[in-house]
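The primary structure of each chain is shown beneath.
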Amino acid sequence: MNQPSVEVTYTTSKDLVKLPVNKHTAVYHRKLGGLSLLNEESLRTLMSFEKGKTLKTNLFTSEANDRNDELIQQLALRKLIIPENLSFPTNQETQVGNTNLVTVIQLVMANACNFGCTYCFEGVQGQELSVDNHMNSLDESRIIARDSIKIDINDSMYASEERFAHQYDPKNRHMKDKAGVSYVKDALKAVKASGSSNVMIQFFGGEPLLNWKTINKVLNTFGHEHDGIDIQYSTVTNGSLITEEVAETFANFNVAVCVSVDSPTSPSRPLKNGDHSMPIVMDGVRKLQKYQNRVALNSALTSSTWNDFDRSIVDLAVDVGASEIGVVVDFDPTFYTKFGTENIVDKLWNVIQYGRQKGVILTGYWHQIFQVILGFDAVSYRGFKNCSAKGAQLSIEPNGSVFSCKAGSTLMGKIHEATNLLESDSYQSHNKLRRNNPSICNGCEIEGFCAGLCLGTLEKKFNSIGAVEPATCNFYREITKKHIQSLQPDELATFDL
Ligand SMILES: C[S@@+](CC[C@H](N)C(=O)[O-])C[C@H]1O[C@@H](n2cnc3c(N)ncnc32)[C@H](O)[C@@H]1O
Ligand code: SF4
Ligand code: SF4
């Protein structure tokens, strides 16, 4: 039976964000997204709710009479207008779907590397170094890090005894093939228990291809479906160890292959023996191309690569058939103070625009903020804002230990604990940040989509994953604004009255 129509006063949400975009105004909900464009007349309709306006509830249960009613329905669906007194005081109340999903399994295939990248956040790979020495220097480094934090090959971003022990333990160098299969089985139980029906298995390292045997075993054991879970694969590799077999197998399993290259000229990613890596990486990428793999380039924009990061990375992407370049902007906060938001945004935007001309998209954590705003309550179905390590990801070490990410320092437990792992305090401390940012973010125009700087850096600098690094915030906000302001009406929902 139809509910009787009653009158309800609607007002604009306090979470409404407006931004001029040429002749339109972009509007979205600060926590839920739903980015849309309104022309002047539609904006007037939206703002007519500012001081409250009475609507009949049957407007929302029957078909719209005209375009104005249709617009009002859409504004209400996007929660840009809401019943009076129903503000959204807590993030819980804005939650629409399931936000406990685990959707990414990061497998650390090897804690070793054949490269010596100057800026690597993992520090020297696969060497016997002293945990005690690192722990003794850590307190001091945290004090120094209040002003400056340095990440380079001699100083990883790690910040706990457990993490150092895992990095240097010779028994935690290589994930054995049988162990890999058993870890994935247990991890899939956790994925299922979280309510997710799909997962991305990411082969990571160190250099993951130092352990091809186990990657191959996992691919051939699990394929694209296991126990009702849909499985996709990706890897992040330095690209130097791609054989014909690797390239063919990756193509067969549709593995998304991210090859790390900062620029064709950058000297920051040398081989361990000091030689330039580009010739050998190009050789690998050509093999991937031969088997028509899905290849993306992964470029780090850091203090070390600043001078070399330019349009040439787009030309390289075109040359190797990569339609995407993931740009990891420095995890080191001093980068943002040293170069300044405006210069960083300008540099990146220049390459983004050139990429658009050439059909290559530039993505990264910073770009995901914009992507999530485009959807409506996207966090509920993808499981995370722009950092999967906040609840949506389990990172499994060769010895079966679980961290939230290769960049993180908090040990969560062992993967054989499977579903119990999700109950642990350390997992829950990450999960809590999946949607709810630290209170310092309250009111920020991108609060619902931005998870802040890499949690590894936060642990090192603040000894907490629940901190915010203010030096980076303007960069996130400005690059997001740039993306919104470059939108054309045919690229998203546009309401013209
Ligand atoms: C740590 S590596 C591991 C996978 C593989 N060895 C590789 O180089 O692709 C993963 C990615 O992190 C990036 N990376 C390492 N240190 C970084 C830092 N300090 N800031 C930003 N990105 C960094 C690398 O460029 C690479 O694309
Ligand atoms: S290749 Fe990857 S893991 Fe190795 S040093 Fe470079 S960034 Fe670090
Ligand atoms: S980390 Fe900074 S930019 Fe991101 S939501 Fe918080 S305040 Fe805003």
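Scroll up to find the structure.
Just so you know, these numbers come straight off a predicted model, no measurement behind them.

*Asks:* Can you walk me through the site of ligand 3 in this structure?
*Replies:* For ligand 3, the full set of nearby residues is Asn 437, Cys 441, Cys 444, Ile 446, Glu 447, Cys 450, Gly 452, Val 468, Cys 473, Tyr 476 and Arg 477. Along the lines of polarity and charge, the residues of the shell around ligand 3 split into 7 nonpolar, 2 polar and 2 charged.

*Asks:* Sorry if this is basic, but what is going on with the sheet that holds strand β2 (residues 16–21) here?
*Replies:* Sheets are built from strands that pair by backbone hydrogen bonding, the pairs being arranged parallel or antiparallel. In spatial order, the strands read β2-β3-β4-β18; together these 4 strands make up an open sheet with mixed pairing. Every interior strand has two partners, whereas the edge strands, β2 and β18 (494–495), have only one. As defined by bridge partners, strand β4 (residues 33–38) adjoins β18 across 2 bridges and the pair is classed as parallel. Pairing of Leu 38 across the sheet is with Phe 495, part of β18. Set on the sheet, helix α13 (residues 365–374) makes contact with β3 (24–29) and β4; between it and β4 the angle comes to about 75°.

*Asks:* Just to check I follow, could you spell out the sheet that holds strand β6 (residues 81–83) for this structure?
*Replies:* Taken in spatial order, the 3 strands make up an open sheet running β5-β1-β6, and their pairing is antiparallel. Because the sheet does not close on itself, it has two edges, and the strands there are β5 (53–56) and β6. Strand-to-strand twist in this sheet, taken as the mean axis angle between neighbours without regard to direction, amounts to 45°. Here 4 bridges tie strand β1 (residues 7–12) to β5, and the two strands are oriented antiparallel to one another. Within β5, the residue paired with Glu 7 across the bridge is Lys 56.

Scoring rules and cut-offs
Residues numbered from 1 in each chain as written. Chains lettered and ligands numbered in written order. Predicted model: local features only at pLDDT ≥ 70, side-chain atom pairs only at ≥ 80, totals over all residues. Near = placed C-beta within 6 Å. Nonpolar A, V, L, I, M, F, W, Y, C, P; charged D, E, K, R; others polar. Pairing = 2+ DSSP bridges. Helix = DSSP H or I, 4+ residues; strand = E, 2+ residues; numbered from the N terminus. Contact = placed C-beta atoms within 7 Å. Axes fitted to C-alpha atoms, helices over the stretch in contact; angles between N-to-C directions.

Purely spatial values, then, with no claim about function.
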